[in-house]
Each structure stands twice: as structure tokens, then as C-alpha cells.
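# Coordinate analysis (summary)
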Amino acid sequence: MKFKGYLMTFSFLWVEGMAIFPFVFSKTKSPGKVLIHHEMIHLRQQLELGLLPFYIWYFIEYLIRLLQYRKHHQAYLNISFEREAYANERDFEYLENRKFWGFLKYL
């Protein structure tokens, strides 16, 4: 697995990792392979949708899931983008075989 992007470290980050194309932000200087791969899946999603549409969709889906589950963490885990990333974060060949707009199967 080769990381194609820019890794930046911010110790004050409120999450372990975050992707905003073309950057992956990490809380630690040496994030694990699984975290990097998870964020690379998000980078692919952002490339397919475009950055602004991705975050608009992400936010709207989060609000829908929040109404559905009534808890932040459950809402976050059930966003289609997160479901795809978590389901495939340990499959390091996933991005090579992933179908275009693969997150749709996780809606």
C-alpha cells in the first residue's frame, strides 16, 4: 500500500485522523496502516464526488443518522462514507478493486 497524498500531523486534532483532499491529518506522527488506509478511502470518495459535495452529503447524512439513532457516535458510524471506510480499512487492496461511488452500497 502506497500512500498518495500529504500527511500532516496536528497533536491538537480532536480525532485520530481526518481526510480533506489531498491531505490526511493525523494526531500522531506515525499513524498506523489501517488509519491511513481508512483515510485513503475517504480521499477516493472526495475525488469522486468533489470536495464540497462530499462534505455537504456527509453533513446531511450525519443529521439524518442523528435523528435516526439519537447518539453522535452511532450517527457517525452509520454515515455511508464511514461504513465503507470501516468495512474495508483492513483490506489493503480494496481501492484497487473498488467500484466507482462504492459508498452507495452502504446507504
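Below, the structure is looked at part by part.

Scoring rules and cut-offs
- Residues numbered from 1 in each chain as written.
- Predicted model: local features only at pLDDT ≥ 70, side-chain atom pairs only at ≥ 80, totals over all residues.
- Heavy atoms only, no water.
- Helix = DSSP H or I, 4+ residues; strand = E, 2+ residues; numbered from the N terminus.
- Polar contact = N/O pair within 3.5 Å; in protein donor to acceptor, adjacent residues only side chain to side chain.
- Contact = heavy atoms within 4.5 Å.
- Buried < 20%, exposed > 50% of the residue type's maximum accessible area, 1.4 Å probe, protein only.
- Phe/Tyr/Trp six-rings, centres within 6.5 Å; stacked < 30°, edge-to-face > 60°.
- Lys NZ or Arg CZ within 6 Å of the ring centre and 35° of its normal.
- Salt bridge = Lys/Arg side-chain N within 4 Å of Asp/Glu carboxyl O.

### Overview of the side chain of H42
- Relative to the assigned elements, H42 resides in helix α1 (residues 33-49).
- Among the polar contacts made by the side chain of H42, one reaches the side chain of H38 at a distance of 3.1 Å.
- Within the structure, H42 has its side chain in polar contact with the side chain of E82 (distance 3.2 Å).
- Among all residues touching H42, those that are not within four sequence positions of it are A19, F54, F81, E82 and A85.

### Considerations on the side chain of S26
- Topologically, S26 is positioned in strand β3 (residues 23-26).
- The buried category is assigned to S26, whose relative accessible area is 1%.
- At 2.7 Å, the side chain of S26 forms a polar contact with the backbone oxygen of T28.

### Looking at the environment of S11
- You can see S11 is positioned in the loop between β1 (6-9) and β2 (17-20).
- On the basis of relative accessibility, which here comes to 62%, the residue S11 falls in the exposed class.
- For S11 and K27, which are 16 residues apart along the polypeptide, the C-alpha to C-alpha distance reads 4.7 Å.

### Some points on helix α4 (residues 80-88)
- By the burial criterion, the buried members of α4 are S80, F81, E82, E84, A85 and N88.
- Buried residues along α4 sit against α1, α2 (51-69), α3 (72-77) and α5 (94-97).

### With respect to the packing of aromatic side chains
- Applying the stated criterion across every chain, the model contains 15 aromatic pairs.
- Summarising the aromatic geometry, the rings of F10 and F12 are spaced 5.5 Å apart at their centres and angled 55° between planes, so their arrangement reads as tilted.
- A residue is classified by how much of its surface remains accessible, and F10, at 27% relative accessible area, is partly exposed.
- Given a relative accessible area of 65%, F12 falls into the exposed group.
- Seen from their ring centres, Y55 and Y58 are 6.2 Å apart, and the 45° between their planes marks the pair as tilted. Of the two residues, Y55 and Y58 are both situated in helix α2; the distance of 3 residues between them amounts to about one turn of the helix.
- The exposure class of Y58 is buried, given its relative accessible area of 18%.
- Among the aromatic residues, those joined into a ring-pair cluster are F54, Y55, W57, Y58, F81, F100, W101 and F103.
- The ring of F92 carries K33 above its face, with NZ or CZ at 4.4 Å from the centroid.

### Looking at the pattern of salt bridges
- Across all of its chains, the model carries 3 salt bridges by this definition.
- Between R98 and E84 there is a salt bridge, with the nearest N and O atoms lying 2.5 Å from each other. Separated by 14 residues along the polypeptide, R98 in the segment after α5 and E84 in helix α4 bring together distant segments of the chain.
- Classification of R98 by relative accessible area gives buried; the value is 10%.
- One connected set of salt bridges, linked through shared partners, spans E48, E84 and R98.

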